[in-house]
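Survey of secondary and tertiary structure
The residues making up each chain are set out below.
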Amino acid sequence: MTIAPGPTPTASAPRHPLDPDPVRATKARAVFALGLMGAMTGLLLGGVIPATVALHLARQARREAYASDGFLTGAAWLRRGERLAWTGLALVAVSVVALLVIGVVRLAEAPYGQDFAPTVD
């Protein structure tokens, strides 16, 4: 086995004893739970609110995790929650389009104006 020339990689700096331990962000769990609720109720049009709140919380959680320099974890939960929230919003959009199509078809089938008997001129 050959080793590439150059400086040898050094280990990362040891942690300071007063540094906090990495902790999963509580907002990551909330984003996942709200995204799941949004995806489950998306077809019923109730998924808009939890999905929107999940996306806003995910944005805040990412900002806080970036500012914490790696002491806040939970990026996987955030990604899953965001995907579920977007799925919920997509299901809401599908439901709205389906309801609009059904409404337009029913409106087109309805008779226009007053329908008189065949014997009336």
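Quick summary incoming for the structure in this document.

**Let's talk about a positive patch on the surface**
Taken together, the side chains of Arg-24, Arg-29, Arg-79, Arg-80 and Arg-83 define a basic patch exposed on the protein surface. The element that contributes the greatest number of residues to the positive patch is helix 3 (residues 75–109), accounting for three residues. Relative to the elements of secondary structure, Arg-79 occurs in helix 3. Overall, Arg-79 belongs to the partly exposed group, its relative accessible area being 40%.

**A word on helix 2 (residues 48–67)**
The end-to-end C-alpha separation of helix 2 is 29 Å, in line with the 28 Å expected for 20 residues at 1.5 Å each. The set of residues buried in helix 2 consists of Pro-50, Ala-51, Ala-54, Leu-55, Leu-57, Ala-58 and Ala-61. On its buried face, helix 2 sits against helix 1 (26–40) and helix 3.

**Some points on unusual backbone geometry**
Positioned with a positive phi, Leu-45 is a non-glycine residue whose angle comes to about 70°. Counting through the fold element by element, Leu-45 comes out in the loop between helix 1 and helix 2. Taking relative accessible area as the criterion, Leu-45 reaches 37% and is therefore assigned partly exposed. In this structure, Asp-69 takes a positive phi of about 55° despite not being glycine. Looking at the secondary structure, you find Asp-69 in the loop between helix 2 and strand 2 (72–73).

Conventions we followed
Residues numbered from 1 in each chain as written. Predicted model: local features only at pLDDT ≥ 70, side-chain atom pairs only at ≥ 80, totals over all residues. Heavy atoms only, no water. Patch = residues over 30% accessible without salt bridge, like charges linked within 9 Å, V, L, I, M, F, W, Y side chains within 5 Å. Areas by Shrake-Rupley, 256 points an atom, 1.4 Å probe, with all protein chains shown as cover. Salt bridge = Lys/Arg side-chain N within 4 Å of Asp/Glu carboxyl O. Lys, Arg positive; Asp, Glu negative; His and termini not counted. Charge placed at Lys NZ, Arg CZ, Asp CG, Glu CD. Helix = DSSP H or I, 4+ residues; strand = E, 2+ residues; numbered from the N terminus. Buried < 20%, exposed > 50% of the residue type's maximum accessible area, 1.4 Å probe, protein only. Expected span 1.5 Å × (residues − 1). Contact = heavy atoms within 4.5 Å.

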